[in-house]
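Residue strings, one per chain:
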Amino acid sequence: MVKRFNKKGAAEEIIYWFFYIPLTAILIITLVMLASSILNQSSSTNNLEYYIFSQRAANAVSYQDITNGRLYPGIIDINRWNEIILGSAFDKEGYKGIEFGLKMTLTYLDKSELPLEIYYDKDSYEVSKAFYSTQRENYVLVKKADVLIPAKLNIDLAYHQKRYPD
Amino acid sequence: MNLLKNRKGLAQALTLLLSILLIAAQLTVFYLFFLNNYINPSKFAVKEIPQGIDDSQFLINFLRTPVGDKTFSDMIVSSYANNNYNELKGKISNFIILYYEENHFWELKIGAKSVDNFVIIQPIIRDKIYESSVDLPLYSKEAVEIVFSIYE
């Protein structure tokens, strides 16, 4: 009688642990996944860094009033449209690990001229464009002397190492 | 009854399973209805920041765009003052075709007024691809909100 009772108890224990261990594991995994997803969401910047780089590039060639120093984002100064000024906007040595290249294309809406292209770190751009890139298209006005000409500014920023989730 | 008594372990395990499912359900409800409201706006905001900046810049440049000897902002203010939008409508349509290289439906709300190139209900079934707003000063020195929308 005692022997039979022990067998039954052991079976009960086995059934209990058979459910208990996997379900506990599922619960713990669920909690960890939930917590990590929350943490990832709050810390993800969604490539905002590369947007800021492209914004910096656009600002570098934007018109600046020399009288008061005011910058006019969205108005491109054709006299500043060159790779020397574009390059001066970036600290290439400070970007170790986040190397990128950038191509800017200016297209006049009236097609009066061929599209104008300038690069920041063309070699990096050519290598990285096969990996990852972010594109922006902005409506801009090009300041030529005192005339504002409507145009599209395309900024194509390429990088080879993905640092942030999409 | 005997069956249940003999399977105490199974009953305990089923109770445990039920309690865990209850906890999971509670967590899900908590996440969906409470936590989600606090977490997702930040994710949403980070994604929307660049788009918001670009949209605002588009509208400001649109208002600065020369049209003859004026700009679109001058034309909007004078049209609003004279309550005559025919010229403005034609110029905006030309601009949209020039920029997108094809026709798009658009709507410009100037305070309570609205100018558009809608054809009956077509904009309702099309996706909005752009919308931004800004306050524009009038001749009376009061500001009026303009909302510019473009549809697919």
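Residues numbered from 1 in each chain as written. Chains lettered and ligands numbered in written order. Predicted model: local features only at pLDDT ≥ 70, side-chain atom pairs only at ≥ 80, totals over all residues.

J.: Could you give me a rundown of the overall build of chain B, with the residues and numbers involved?
T.: A count of helical and extended segments in chain B gives four helices and six strands. Sequence-ordered secondary structure for chain B, helices as α and strands as β, is α-α-β-β-α-α-β-β-β-β. The burial tally for chain B puts 14% of its 152 residues in the buried class. A separation threshold of at least 6 residues defines the contact pool for chain B, and within that pool the share at least 24 residues apart is 48%. (Helix = DSSP H or I, 4+ residues; strand = E, 2+ residues; numbered from the N terminus. Buried ≥ 20, exposed ≤ 12 C-beta atoms within 10 Å, placed from the backbone. Contact = placed C-beta atoms within 7 Å.)

J.: If you had to explain helix α2 (residues 48-60) of chain A to someone new, which residues and values would you point to?
T.: Each α-helix turn comprises 3.6 residues. Residues three or four places apart therefore point the same way. Counted at 1.5 Å a residue, the expected span for α2 of chain A with its 13 residues is 18 Å, and the 18 Å between its end C-alpha atoms agrees. Among all positions in α2 of chain A, only Tyr50, Tyr51, Phe53, Ser54, Ala57, Ala58 and Ala60 of chain A are buried. (Expected span 1.5 Å × (residues − 1).)

J.: How would you explain the interface of chain A and chain B if you had to name every residue and give the values?
T.: Accessible area lost upon the coming together of the parts serves often as the stated size of an interface. Contacts between the two partners involve 29 residues from chain A, matched on the other side by 30 residues from chain B. Every element with two or more residues in the side of chain A that touches chain B is listed here: α1 (2-43), α2, β2 (71-77), β5 (132-144) and β6 (147-159) of chain A. The element contributing the most residues to the side of chain A that touches chain B is α1 of chain A, with 14 residues. Looking at the side of chain A that touches chain B residue by residue, the classes come out as 18 nonpolar, eight polar and three charged. (Nonpolar A, V, L, I, M, F, W, Y, C, P; charged D, E, K, R; others polar.)

J.: Tell me what's going on with helix α4 (residues 86-100) of chain B, and back it up with residues and numbers.
T.: Taking 1.5 Å per residue as the helical rise, α4 of chain B with its 15 residues ought to reach 21 Å, and the 21 Å between its terminal C-alpha atoms agrees with that figure. Once α4 of chain B finishes, glutamate 101 of chain B follows within two positions and takes phi at roughly 60°, a positive value.

J.: Outline the environment of phenylalanine 62 of chain B, listing residues and values.
T.: Its location among the elements puts phenylalanine 62 of chain B in helix α2 (residues 8-64). In this structure phenylalanine 62 of chain B comes out as buried when scored by C-beta crowding, with 24 C-beta atoms within 10 Å. Along the sequence, phenylalanine 62 of chain B and leucine 18 of chain B sit 44 residues apart, while their C-alpha atoms lie 61 Å from each other. For phenylalanine 62 of chain B, the contacting residues outside a window of four places in its chain are Tyr139 of chain A together with Phe72 and Phe148 of chain B.

J.: Can you break down the sheet that holds strand β5 (residues 128-137) of chain B residue by residue, with the values?
T.: Residues and elements named next belong to chain B. With respect to topology, four strands assemble into an open sheet ordered β4-β3-β6-β5, the strand pairing being antiparallel. With partners counted over all chains shown, the strands left at the sheet margins are β4 (113-116) and β5, one partner each. Neighbour-to-neighbour, the strand axes of this sheet turn through a mean angle of 15°, independent of strand direction. Two strands pair when backbone bridges link them, and β5 and strand β6 (residues 143-151) are joined in this way by nine bridges, in the antiparallel orientation. In the strand pairing of β6, lysine 128 is matched with tyrosine 151. On the sheet, helix α3 (residues 72-82) packs against β3 (106-110), β4, β5 and β6 and is oriented at approximately 70° with respect to β5. Its contacts with the sheet place α4 against β3, β4 and β6, and it is angled at close to 135° to β3. (Pairing = 2+ DSSP bridges. Axes fitted to C-alpha atoms, helices over the stretch in contact; angles between N-to-C directions.)

J.: Go over the sheet that holds β2 of chain A with me, naming the residues and quoting the values.
T.: Residues and elements named next belong to chain A. Strands sit in the order β1-β2-β5-β6-β3-β4 across an open sheet of six strands; the sheet is mixed. Looking at which strands have only one partner, the edges of the open sheet turn out to be β1 (62-64) and β4 (116-120). Direction aside, neighbouring strands of the sheet carry axes that sit 40° apart on average. Looking at chain direction, strand β3 (residues 100-108) and β6 are connected through nine bridges and run antiparallel. Residue pairing across strands places threonine 107 opposite lysine 152, the latter belonging to β6. With respect to the sheet, α2 is in contact with β1, β2, β3, β4, β5 and β6, its orientation differing from that of β6 by roughly 145°.

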